[in-house]
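Single-letter residue listing:
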Amino acid sequence: YTAVPRTRILATGGASHNKTILQVLSDVFNAPVYTIDTANSACLGSAYRAVHGLVAGRNVPLADVVRSAPEPRLAVTPTAGAEEV
């Protein structure tokens, strides 16, 4: 599987604390995997979309709404040669 250039995976929830699972994701999708240290992070996307909906009348881009999101940290990168397996 080849992801589009600059693909990043953001892993949240309990499995995001397991480096082995994150490494498998990274190798399968040949993309770096990032995590964020935020409680209930799985609902963050919905929350930011809701805020975006509230400010829609002011033509505020979604990118501006999510600027306050916690910065993801790089957890793992693809293993060299994994895409060939």
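Above this text sits the structure in question.
Cut-off values and rules
Residues numbered from 1 in each chain as written. Predicted model: local features only at pLDDT ≥ 70, side-chain atom pairs only at ≥ 80, totals over all residues. Heavy atoms only, no water. Helix = DSSP H or I, 4+ residues; strand = E, 2+ residues; numbered from the N terminus. Rg over C-alpha atoms; globule rule 2.2 N^0.38 Å. Buried < 20%, exposed > 50% of the residue type's maximum accessible area, 1.4 Å probe, protein only. Contact = heavy atoms within 4.5 Å. Salt bridge = Lys/Arg side-chain N within 4 Å of Asp/Glu carboxyl O. 1 Å grid on protein atoms, 1.4 Å probe; cavity = no way out; pocket = protein on both sides within 12 Å on 5 of 7 lines; lining within 4 Å. Points joined across faces, edges and corners; volume = space filled by probe spheres on them. Nonpolar A, V, L, I, M, F, W, Y, C, P; charged D, E, K, R; others polar. Polar contact = N/O pair within 3.5 Å; in protein donor to acceptor, adjacent residues only side chain to side chain. Patch = residues over 30% accessible without salt bridge, like charges linked within 9 Å, V, L, I, M, F, W, Y side chains within 5 Å. Areas by Shrake-Rupley, 256 points an atom, 1.4 Å probe, with all protein chains shown as cover. Pairing = 2+ DSSP bridges. Axes fitted to C-alpha atoms, helices over the stretch in contact; angles between N-to-C directions.

1. A word on the overall build of the protein chain
So, step 1. Per the secondary structure count, the protein chain includes three helices and three strands.
So, step 2. Taken over C-alpha atoms, the radius of gyration comes to 15 Å for the protein chain, far larger than the 12 Å a tight globule of 85 residues would show.
So, step 3. Based on the C-alpha atoms only, the size of the protein chain along its principal axes is roughly 50 × 25 × 15 Å.
So, step 4. Looking at the protein chain as a whole, 25% of its 85 residues qualify as buried.
So, step 5. Considering only residue pairs separated by 6 or more positions, the protein chain has 65% of its internal contacts joining residues 24 or more positions apart.

2. Concerning the pattern of salt bridges
So, step 1. One pass over the structure, following the stated rule, counts two salt bridges.
So, step 2. Two residues, D37 and R73, come together in a salt bridge whose shortest N-O distance is 3.9 Å. Within this pair, whereas D37 is found in the loop between strand 2 (33-35) and helix 2 (44-54), its partner R73 is found in strand 3 (residues 73-76), the two being separated by 36 residues in sequence.
So, step 3. In this structure, D64 and R67 form a salt bridge, with 2.9 Å as the shortest nitrogen-oxygen distance.

3. A few points about the layout of surface pockets
So, step 1. A volume near 150 Å³ is recorded for the largest pocket.
So, step 2. The wall of the largest pocket is formed by 15 residues, among which G13, S16, H17, I36 and D37 lie closest to the centre.
So, step 3. Looking at the lining of the largest pocket residue by residue, the classes come out as three nonpolar, nine polar and three charged.

4. Observations concerning the side chain of S26
So, step 1. Residue placement: S26 occurs in helix 1 (residues 19-29).
So, step 2. Within the local environment of S26, its side chain forms a polar contact with the backbone oxygen of A31, the two atoms lying 2.7 Å apart.
So, step 3. Once residues within four sequence positions are removed from consideration, S26 is found in contact with A31, P32, V33, V76, T77 and P78.

5. Quick notes on a nonpolar patch on the surface
So, step 1. A grouping of V24, V28 and F29 is seen on the molecular surface, where their side chains present a nonpolar patch of about 240 Å² in accessible area.
So, step 2. Considering the arrangement of structural elements, one finds V24 in helix 1.

6. As for the sheet that holds strand 3
So, step 1. Sheet architecture is open: three strands sit in the order 1-2-3, paired in mixed fashion. Every interior strand has two partners, whereas the edge strands, strand 1 (9-11) and strand 3, have only one. Neighbour-to-neighbour, the strand axes of the sheet open up by a mean angle of 45°, direction not taken into account.
So, step 2. On top of the sheet, helix 1 reaches strand 1, strand 2 and strand 3; it is set at about 85° to strand 3, its chief contact.

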